[in-house]
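Close look at the chain arrangement
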Amino acid sequence: QFDNLDKHTQWGIDFLEKYAKFVKERIEIEQNYAKQLRNLVKKYCPKRSPKDEEPRFTSCIAFFNILNELNDYAGQREVVAEEMGHRVYGELMRYSHDLKTERKMHLQEGRKAQQYLDMCWKQMDNSKKKFERECREAEKAQQSYERLDNDTNATKADVEKAKQQLNLRTHMADENKNEYAAQLQNFNGEQHKHYYIVIPQIYKQLQEMDERRTIKLSECYKGFADSERKVIPIISKCLEGMILAAKSVDEHRDSQLVIDCFKSGFEPPGDFPFEDYSQNIYRTISDGTISTPKQEGMRIDTKTTVGKAKGKLWLFGKKPKPQSPPLTPTSLYTSSTPNGSQYPIFSIEPVHYCMSDIKTGKPRIPSFRSLKRGYFCLQGPALEDFSHLPPEQRRKKLQQRIDELNRELQKETDQKDALIKMKDVYEKNPQMGDPSSLQPKLTETMSNMDRLRMEIHKNEAWLSEVEGKVAARSDRRHSSDINHLVTQGRESPEGSYTDDANQEVRGPPQQHAHPNEFDDEFEDDDPLPAIGHCKAIYPFDGHNEGTLAMKEGEILYIIEEDKGDGWTRARRHNGEEGYVPTSYIDVTLEKNSKGA
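Residues numbered from 1 in each chain as written. Predicted model: local features only at pLDDT ≥ 70, side-chain atom pairs only at ≥ 80, totals over all residues. Heavy atoms only, no water.

Spelled out, the test is: UniProt positions are given in the numbering used here, feature names are shortened, and annotations may be inferred rather than shown by experiment.
An unreviewed UniProt entry lists the protein under the name Formin-binding protein 1-like, with Leptocoma aspasia given as the organism. Of the protein, the UniProt comment under Sequence similarities (unreviewed entry) reads exactly: "Belongs to the FNBP1 family."

Some thoughts on the packing of aromatic side chains
For the record, the criterion: Two aromatic rings from Phe, Tyr or Trp, using only the six-membered ring of Trp, form a pair when their centres are within 6.5 Å; if the ring planes differ by under 30 degrees the pair is stacked, by over 60 it is edge-to-face, and anything between is tilted. Elements are defined by DSSP. Helices are runs of H or I of four residues or more, strands are runs of E of two residues or more, and each kind is numbered from the N terminus. For the exposure calls, accessible area comes from a 1.4 Å probe over protein chains only, and a residue counts as buried if that area is under 20% of its type's maximum, exposed if over 50%, partly exposed in between.
One pass over the structure, following the stated rule, counts eleven aromatic pairs. Seen from their ring centres, Phe 2 and Tyr 203 are 6.4 Å apart, and the 25° between their planes marks the pair as stacked. Of this pair, Phe 2 sits in helix α1 (residues 2-44) while Tyr 203 sits in helix α3 (residues 156-230), placing them 201 residues apart in sequence. Since its relative accessible area comes to 17%, Phe 2 is described here as buried. Look at Tyr 203 and you get partly exposed, because its relative accessible area is 23%.

Notes on a nonpolar patch on the surface
Short version of the rule: Grouping into patches uses exposed residues only, defined as over 30% relative accessible area, and leaves out salt-bridged ones; the cut-off is 9 Å for like charges and 5 Å for nonpolar side chains (Val, Leu, Ile, Met, Phe, Trp, Tyr). In short, Shrake-Rupley with a 1.4 Å probe defines the accessible areas, and a residue's cover is counted only from the protein chains shown. Note on definitions: salt bridges are taken to be side-chain nitrogens of Lys or Arg within 4 Å of carboxyl oxygens of Asp or Glu.
Side chains of Trp 11, Phe 15 and Tyr 221 sit close together on the surface and give an oily, nonpolar patch of about 310 Å² of accessible area. If you trace the backbone, Tyr 221 turns up in helix α3. Look at Tyr 221 and you get partly exposed, because its relative accessible area is 38%.

Concerning the nonpolar core
This is how the line gets drawn: Nine residue types can take part in a nonpolar core, namely buried Ala, Val, Leu, Ile, Met, Phe, Trp, Tyr and Cys, and a core is a set of them joined through side-chain atoms within 4.5 Å. Residue contacts follow a heavy-atom distance rule, with two residues in contact if any of their heavy atoms lie within 4.5 Å.
Membership of the largest hydrophobic core comes to 31 residues, with the highest contact counts inside it found for Tyr 19, Val 23, Val 88 and Leu 92. When contributions to this core are tallied by element, the ones reaching two or more residues are α1, α2 (58-150), α3 and α4 (232-247). In contact with Val 88, not counting residues within four places along its chain, are Tyr 19, Val 23, Glu 83, Cys 220, Gly 223 and Phe 224. Core analysis: the second largest hydrophobic core is formed by 13 residues, Cys 534, Leu 548, Leu 556 and Ala 570 among them.

Here's the deal with the sheet that holds strand β5 (residues 532-536)
Rules: By definition, two strands form a pair when at least two bridges between them are found by DSSP. Note on method: axes are straight lines fitted to C-alpha atoms, helices fitted across the in-contact stretch only, with angles between N-to-C directions ranging 0 to 180 degrees.
The strand order across the open sheet built from five strands is β8-β7-β6-β5-β9, with neighbouring strands paired in antiparallel fashion. At either margin of the open sheet sits one strand with a lone partner, and together these are β8 (577-581) and β9 (585-589). With strand direction ignored, the average angle separating the axes of adjacent strands in the sheet is 40°. For β5 and strand β6 (residues 555-560), the ladder comprises four bridges, and the chain directions are antiparallel. Looking at β6, one finds that Lys 535 is bridged to Ile 555.

Thoughts on the environment of Met 422
Position of Met 422 among the secondary structure elements: in helix α11 (residues 391-428). By relative accessible area, which is 36% here, Met 422 ends up partly exposed. Along the chain, Met 422 and Met 432 lie ten residues apart, while their C-alpha atoms are 9.8 Å from each other.

Examining the confidence of the model for the protein
As a reminder, the rule being used: Confidence scores per residue from the predictor, reported as pLDDT, run from 0 to 100.
When the pLDDT values of the protein are averaged, the result is 76; 71% of them are 70 or greater. In the model, residues 288-380 has pLDDT below 50 throughout and makes 199 contacts with residues more than four positions away in sequence or in other chains. Here residues 482-525 is a poorly scored stretch, pLDDT under 50, and it has 121 contacts once near neighbours within four places are set aside; other chains count.

Quick word on the pattern of salt bridges
Per the counting criterion, the structure on display carries 29 salt bridges. Residue Arg 169 is joined to Glu 134 by a salt bridge in which the shortest nitrogen-to-oxygen separation is 3.7 Å. Linking Arg 169 in helix α3 with Glu 134 in helix α2, this pair joins segments that are 35 residues apart in sequence. Its salt-bridge partner being Arg 394, residue Glu 465 comes within 4.0 Å of it at the nearest N-O pair. Highlighted residues: Glu 465 in helix α12 (residues 439-483) and Arg 394 in helix α11, separated in sequence by 71 residues. One network of salt bridges, in which partners are shared, links Arg 26, Glu 30, Arg 77 and Glu 228.

Describing helix α5 (residues 251-262)
Stated formally: The span one expects for a helix is its residue count, reduced by one, times 1.5 Å. Whenever two N or O atoms come within 3.5 Å, that pair is a polar contact, provided that in protein one can donate a hydrogen and the other can accept it, and provided that, for residues adjacent in sequence, both atoms are side-chain atoms.
Between its first and last C-alpha atoms α5 spans 17 Å; for twelve residues at 1.5 Å apiece the expected length is 16 Å, and the two agree. For α5, the side-chain oxygen to backbone nitrogen distance between the N-cap and His 252 is 3.1 Å, and the N-cap itself is Asp 250.

Some points on the environment of Pro 390
Within the secondary structure layout, Pro 390 lies in the loop between α10 (376-379) and α11. Residue classification places Pro 390 among the buried positions, given a relative accessible area of 18%. Taking the C-alpha atoms as reference, Pro 390 lies 4.9 Å from Ser 264; in sequence the two are 126 residues apart.

Observations concerning the side chain of Arg 103
Note that Arg 103 resides in helix α2. Among the polar contacts listed, one links the side chain of Arg 103 to the side chain of Thr 9, at a separation of 2.7 Å. Excluding residues within four positions of it along the chain, Arg 103 makes contact with Asp 6, Thr 9, Gln 10, Ile 13 and Met 209.

Written as structure tokens, this is what we have:
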């Protein structure tokens, strides 16, 4: 059965290598699966810079947590692949190599034992044949001797010669017989040893080898499953983390984040007042009475109104103060009733006049805060004081910056205290270091502290300004709600609506009121003084909101310098103001007026 065992052990090694190949392919599947999961996580992970402060909604945070858990899950798949590769596949390959070496050795021993037994059999067979041949020769010699001995004609010498030949052959046959007996005994002993000792021992070693192979397969099967079972607790935690992330979604918190993100501090526009078109009737009735003097020039010239719309910032800016009493239908009139009593009639410019101003008027920008709501909202850089943002968002940004500056100031303060302590130690123990070597660092730290304090003071001033304006708006709105006054809305340079309580009239009017006159929180009624002049080097169309068109060679007044955004505020001789590109003009500033 030697050949059969040879085939069986070879089949066992082939099966071992087949299972090793299966494990290798499973490892590749796990590695590819983990790699695809990581790529998926990387694809959907947010790519944000550290300074990105976009709102973190709970649904987004939950999704990001799920991605993190999935990334950990992919890591566990890699652990499974690594464990299988080290504990199963690597062990199988090493054992397969050892198994092949051991099998080869046992088979060689079996072949050697078989070859030795064959050699013994050949020696025994040769001695047997030689003994058989010598016996036949001895029989022939005996027959020849007997024939000569019975022959009367044979001489005595022939008989003696035949007798000697018989004795020689008989002696040689006896020697071959002894040799054959010895070879036979030796062969029988070797054959018994071969079949009862050598071959069983070799077969036993092959059996033990095959059983070890089977045990190794069993261990690898168990290790294959253990590699998966070891990561199950961690995978369960990953899945629990996903469930917790799903439970952490809070729709109310997300809504509050949206509110906080887009809360601007703007006030909603006020109610449209009643437009009394019957005032002409009351005026006709009261023309002959003493109660109300006749008012002239109350007819509106549409062309005049449209023309005056130039130089205004509608709807989110300031309309210029009129230089002379306008002739508008928005004055407050007083009429008399048949019983002689008087009552005020509130009136305002019709809406279509406002819309005409919006469509045909060229806006005038009083400040960069208004300018940001137009063209520069998309293209201009952010300002240091965040004035390009709505009031509420500006307040939040300033507060965040103040907090950051305070943290930096605290760090610098701690560093200064540490340097001072180190300097004292050096002064007391000069062998530890030179105290003067710390002076440059101490000076630099003090300078940084001063700079940070100035920054904090500047930002706190801006924050106080914003909070004061917001509080003022709230007070005005509260007052308006209590008194139920008819007010006219406007938008401040930041774009927030305000109410002008000065336009409220409870009795007969003392003077004409102007519907186009708005209360300005940020600028005085007087125009800004000119701080220099400029000459246009290139023509500029000025199509965008808040800009001022100019021709090449035109001379303009400078009323506000370039703040670093590339635009200069200028004014024509006729009073029209706007922003022009600084690179398009040649600026000449007055020394005594610079910085006014």
